[in-house]
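Here are the chains, one letter per residue:
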Amino acid sequence: MTPHPEHAVRRFIFICMLMVPAVPFLVMLGIGYVFFSRFLERMHRLFALPEQTSEAFVGLGLFDTDGDHLSYTGPLAGIVREQDLFFEMERILSTRHQEVSP
């Protein structure tokens, strides 16, 4: 029994139907990955810059629109729990202010 020529055409059409949406999706996925990874590298350099160029840099905290503390980077990371960070910073800054004031 010989295969019908229309089976080859059906198979070809089916493969094309799968490839037409898959190829642009994979290309866009790759482009998105490249741009997002470059964005993360730039943000990392941007956040590291003040700490490297200024002694006045204490730390950097990120907050959401509700005012909830999301993350912190700086010299106190790992020393203080996230929820206590604000109070610890306030205590350190008030101690420094008292040391500087006559």
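Residues numbered from 1 in each chain as written. Predicted model: local features only at pLDDT ≥ 70, side-chain atom pairs only at ≥ 80, totals over all residues. Heavy atoms only, no water.

1. Things to note about the overall build of the chain
- The helix and strand tally for the chain stands at two helices and two strands.
- Start at the N end of the chain and walk to the C end: the helices and strands fall as α-β-β-α.
- By element, 67% of the accessible surface of the chain is carried by carbon and sulfur atoms, the whole surface being about 9200 Å². (Helix = DSSP H or I, 4+ residues; strand = E, 2+ residues; numbered from the N terminus. Areas by Shrake-Rupley, 256 points an atom, 1.4 Å probe, with all protein chains shown as cover.)

2. Comments concerning the confidence of the model for the chain
- Averaged over all residues, the pLDDT of the chain is 76; the fraction at 70 or higher stands at 66%.
- Of all the helices and strands in the chain, helix H2 (residues 85-100) carries the lowest mean pLDDT, 66, while helix H1 (residues 5-53) carries the highest, 85. (pLDDT = per-residue confidence, 0-100.)

3. Describing a nonpolar patch on the surface
- Judged by side-chain polarity, Phe 14, Ile 15, Leu 18, Met 19, Val 23, Val 27, Met 28, Ile 31 and Phe 35 come together as a nonpolar surface patch covering roughly 880 Å² of accessible area.
- With respect to the helices and strands, the residue Ile 15 is situated in helix H1.
- Residue Ile 15 is classed as partly exposed on the basis of its relative accessible area, which comes to 45%. (Patch = residues over 30% accessible without salt bridge, like charges linked within 9 Å, V, L, I, M, F, W, Y side chains within 5 Å. Salt bridge = Lys/Arg side-chain N within 4 Å of Asp/Glu carboxyl O. Buried < 20%, exposed > 50% of the residue type's maximum accessible area, 1.4 Å probe, protein only.)

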